[in-house]
Amino acid sequence: MKKLIKSLFPIFLYNFIRSIIRYIRLSKSYLYDLNHYFNNSMDLDDYSEGKLISRIILDTHVIEKGLTMPETKLGFGKARLKILMDNIKFFVLNFNTVNPQLLHGFSVIEEYFKFHENVGFELEPKIVSEYLNLQDLKKAKSFDHFQRNQVEIKKLDYFSSIKAPFALFSESRSSIRNYSEEYVSNDALNSVLDLARNTPSACNRQAVRLHLYRDTDDIADILKVQGGNRGFGHLANFLIAITFKSSVYFEENERNSGFVDGGMYGMNILYALHAESIAACILNAAHTPEKDLKMRRVAKVPNDETFVAFIAGGIPPESFKIARSYRYPLDFILTKH
């Protein structure tokens, strides 16, 4: 059939028609993505049980990250804390289930108030009053939870399992947001990035590209646009941008393949960094169109590459804190068919 069509039209017209058809098919697929995402994400702003727990997880993580910063700002995150307490209260009063993320949220809120009490910092009376009301609600509902304070660990202990079997090695890695002034050598980073090349990719397309930044001004400019590194980004000794080239994929069914390949590559880099006793934290590249254009200019990334994520890192100090984010157990996330 293709040969027949080609014989009926000049090659330039055949290619033009084919491009139009592919554009229409791709548009249809992205419209499907748009509707599916909009209808199932938190954009609809409903307060169903699942979406409310997602909001609680997000705001809990904001608070627990703040508690692990190199220099925790006293009184930080008051607006997010209030939202978190309001959402937990709404969940408790409207749903009969007790989600473990809800209990973790309680734990982080309690740690927040105990932290400020221990350093003698007085929080606003209104916030304290809402916290006491939440505590009364917890007692009335007889909720019981383990206090899961953020972990303080020594550098030697953190890297003690990098030569261990994979289960222990993987379990020992966490996102670290605290870096010393010790310089990470270019040789060490080259070794890490060379090792990460063994990441599998769709049909061996090898679409991923890496951009390494060492200049402090360049890192600062990029992280300012990125925006999700407040409180620790200025300490980063290096920054890696993970991108992919769209030119290696085709047709609508491969529209998301680059993000899958890039995500796997990012995890491989994180493991390779950990094996080299280098701390790191992966940062999102969740860009609006305007932000994407600005990031391209600042990061000097070509137009035919798409951002997947950033990785900031360095050598950690002798002791530091790790966010004790709650992970669902396997039986919660696994469906056996």
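The following refers to the structure shown.

Attention now moves to the environment of N149. Structurally, N149 is set in the loop between helix 6 (125-140) and strand 1 (151-154). Considering only alpha carbons, one finds N149 and E111, 38 residues apart in sequence, at a separation of 6.4 Å. With sequence-adjacent residues up to four places away left out, N149 is seen in contact with E111 and R324.

Here the structure, examined in full by the defined rule, presents 16 aromatic pairs. Ring geometry for F113 and Y131: centres 3.9 Å apart, planes at 10°, overall stacked. In this pair, F113 sits in helix 5 (residues 100-118) while Y131 sits in helix 6, placing the two residues 18 residues apart along the sequence. Taken individually, F113 and Y131 each receive the classification buried, so the pair is uniform in this respect. Put simply, the rings of F76, Y112, F113 and Y131 touch in pairs and so form one group of aromatic residues. Taking the ring centre of Y47 as reference, the NZ or CZ of R55 above it sits at 5.5 Å.

Another point: the nonpolar core. In this structure, Y179, Y213, L239 and F310 are the most contacted members of the largest nonpolar core, which totals 30 residues. Of all the secondary structure elements, the ones that give two or more residues to this core are helix 10 (216-226), strand 3 (238-245), strand 4 (279-284), helix 12 (289-299), strand 5 (305-314) and strand 6 (319-322). Broken down by element, this core gets its largest block of residues, four residues, from helix 10. Y179 has contacts with F232, L235, A236, A279, A280, C281, A312, G313, G314, I315, P316 and P317, leaving out every residue within four places of it along the chain. The next biggest cluster of nonpolar side chains, apart from the first, holds 26 residues, and it includes F76, L84, L134 and L137.

This part is about helix 9 (residues 186-195). Count 3.6 residues to each turn of an α-helix, and residues three or four apart come out pointing the same way. Those residues of helix 9 not exposed but buried are A188, L189, V192 and L193. Angular distribution of buried residues about the axis of helix 9 spans 125°; they occupy a single face of the element. The elements touched by buried residues of helix 9 are strand 2 (208-213), strand 3 and helix 11 (257-275).

The next subject is the side chain of D59. Mapped onto the elements, D59 comes out in helix 3 (residues 49-67). Separated by 2.6 Å, the side chains of D59 and R80 make a polar contact. Apart from residues lying up to four places away in sequence, D59 is in contact with R80, I83, L84 and N87.

A word on the pattern of salt bridges. This model, assessed by the stated rule, comprises 14 salt bridges. As a salt-bridge pair, E251 and R25 come within 3.9 Å of each other at their nearest N and O atoms. A residue pair is termed long-range when its members are at least 10 positions apart, and E251 in the loop between strand 3 and helix 11 and R25 in helix 2 (residues 11-40) qualify at 226 residues. Overall, the relative accessible area of 32% leaves E251 in the partly exposed class. With a relative accessible area of 32%, R25 lands in the partly exposed category. Among the salt bridges present, the one from K82 reaches D86, with a minimum N-O distance of 2.8 Å. Taken as a pair, K82 and D86 lie in helix 4 (residues 78-94) at a separation of four residues, close to a single helical turn.

Procedures and definitions
- Residues numbered from 1 in each chain as written.
- Predicted model: local features only at pLDDT ≥ 70, side-chain atom pairs only at ≥ 80, totals over all residues.
- Heavy atoms only, no water.
- Helix = DSSP H or I, 4+ residues; strand = E, 2+ residues; numbered from the N terminus.
- Contact = heavy atoms within 4.5 Å.
- Phe/Tyr/Trp six-rings, centres within 6.5 Å; stacked < 30°, edge-to-face > 60°.
- Buried < 20%, exposed > 50% of the residue type's maximum accessible area, 1.4 Å probe, protein only.
- Lys NZ or Arg CZ within 6 Å of the ring centre and 35° of its normal.
- Core = buried A, V, L, I, M, F, W, Y, C linked by side-chain atoms within 4.5 Å.
- Arc of directions from axis to C-beta.
- Polar contact = N/O pair within 3.5 Å; in protein donor to acceptor, adjacent residues only side chain to side chain.
- Salt bridge = Lys/Arg side-chain N within 4 Å of Asp/Glu carboxyl O.

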